[in-house]
Amino acid sequence: MAKTIVITNRKGGCGKSFTAASLGVGLTRHGKKVLMIDADSQHSLTVSMGVAEPDRVPVTLATIISDIIAEKDIEPKKGIIHHAEGADIMPANNSLTGIELVLAPLIGRETILRQYIDKVQSLYDYLIIDTAPTLDLLTVNALAAASSAIIPVTPKFLDAKGLELLLKSIAQIRRVVNPNLTIDGILLTMVDKRPKFTKEIIDMIEKAYGGEIRIFKEHIPQTIRAAEASATGKSIFTYDPNSRVVAAYESLVGEVIDNV
């Protein structure tokens, strides 16, 4: 059965979608079968994986969730798009925005995505879920369905302070909805080591959380090449294979595999 990893942070602009794409493709390069699930209505993961016009895609995660709510039978491979670099993706588009209102009045609304996970997890080694930068119902669903979470954090003061709120939310979901949820680690992203304050923020994060939560050894460096790769629909592994970013994500992939 697949390990389900949710990439989450309540703060935007920390590289969640890029991390989801890089981790997903990186795992396929180690022979793993991977499904990436875009659970963010902004659909950044979908676009970065080469789906240029998400609103023209006939089946998305919104379709699947609607089918589950309507108690329809779901073909496990329905709507899944295969990326040229080996990973599969369940795409998202703007229609996911309205799903929040549909979920809100339901009994068991936190477990709808888990029902989809149950349908597909025997086909894969890893499921990677990208989430919105809010603790909305879809993010709660992702955390309720996940085996573990990876938390990308940029070394900025407000981002570091926001970690406390996120960790409290994860602890609450663990208590109430998903007692098996663990945290794989905190991943420092968009790291520019030149300013002095960067080291100070990293030291603060390590001091505050390093005793209880793994902080991944390799930091993801800041680079314009990451944004360029996303715009082409290619992973950073293909777009800039000899870069420091690739080396850092290779290290992350190795740690994730070793942590199974």
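Residues numbered from 1 in each chain as written. Predicted model: local features only at pLDDT ≥ 70, side-chain atom pairs only at ≥ 80, totals over all residues. Heavy atoms only, no water.

(A) Broad picture of empty space enclosed by the protein. As enumerated under the stated definition, the model contains one cavity of 30 Å³ or more in all. By volume, the largest cavity amounts to about 50 Å³. Together, Phe18, Ala21, Ser22, Ser48, Met49, Ala229, Ser230, Lys234, Ser235 and Ile236 line the largest cavity. Contributing elements (two or more residues each) for the lining of the largest cavity: helix H1 (16-28) and helix H9 (224-232). Per-element accounting of the lining of the largest cavity gives the leading share, three residues, to H1. Residue composition of the lining of the largest cavity, grouped by class: five nonpolar, four polar and one charged. (1 Å grid on protein atoms, 1.4 Å probe; cavity = no way out; pocket = protein on both sides within 12 Å on 5 of 7 lines; lining within 4 Å. Points joined across faces, edges and corners; volume = space filled by probe spheres on them. Helix = DSSP H or I, 4+ residues; strand = E, 2+ residues; numbered from the N terminus. Nonpolar A, V, L, I, M, F, W, Y, C, P; charged D, E, K, R; others polar.)

(B) Quick peek at the environment of Pro76. Relative to the assigned elements, Pro76 resides in the loop between helix H3 (61-69) and strand S3 (81-82). Accessibility expressed as a relative area gives 22% for Pro76, which makes it partly exposed. Counting along the chain gives 47 residues from Pro76 to Leu123, while the straight-line C-alpha distance between them is 8.6 Å. Setting aside chain neighbours within four positions, we find Pro76 in contact with Tyr116, Lys119, Val120 and Leu123. (Buried < 20%, exposed > 50% of the residue type's maximum accessible area, 1.4 Å probe, protein only. Contact = heavy atoms within 4.5 Å.)

(C) Seen up close, H9. Here H9 starts with a cap whose side-chain oxygen sits 3.0 Å from the backbone nitrogen of Arg225, and that cap is Thr223. Immediately downstream of H9, the backbone of Gly233 shows phi near 80 degrees, a positive value. (Polar contact = N/O pair within 3.5 Å; in protein donor to acceptor, adjacent residues only side chain to side chain.)

(D) Examining the packing of H1 against helix H11 (residues 244-258) more closely. Axis separation between H1 and H11 bottoms out at 9 Å; the angle between their running directions is 70 degrees. Between H1 and H11, the interaxial angle falls into the category roughly perpendicular. With respect to the hand of their crossing, H1 and H11 are arranged in right-handed fashion. Packed against H1, whose contacting residues are Phe18, Thr19, Ser22, Leu23, Gly26 and Leu27, the element H11 presents Val245, Tyr249, Leu252, Val253, Val256 and Ile257 at the interface. Classifying every residue of the contact of H1 with H11 by side-chain character gives nine nonpolar, three polar and no charged. (Axes fitted to C-alpha atoms, helices over the stretch in contact; angles between N-to-C directions. Parallel < 35°, antiparallel > 145°, perpendicular 65-115°, else oblique. Left-handed = near helix turned anticlockwise from the far one by under 90°.)

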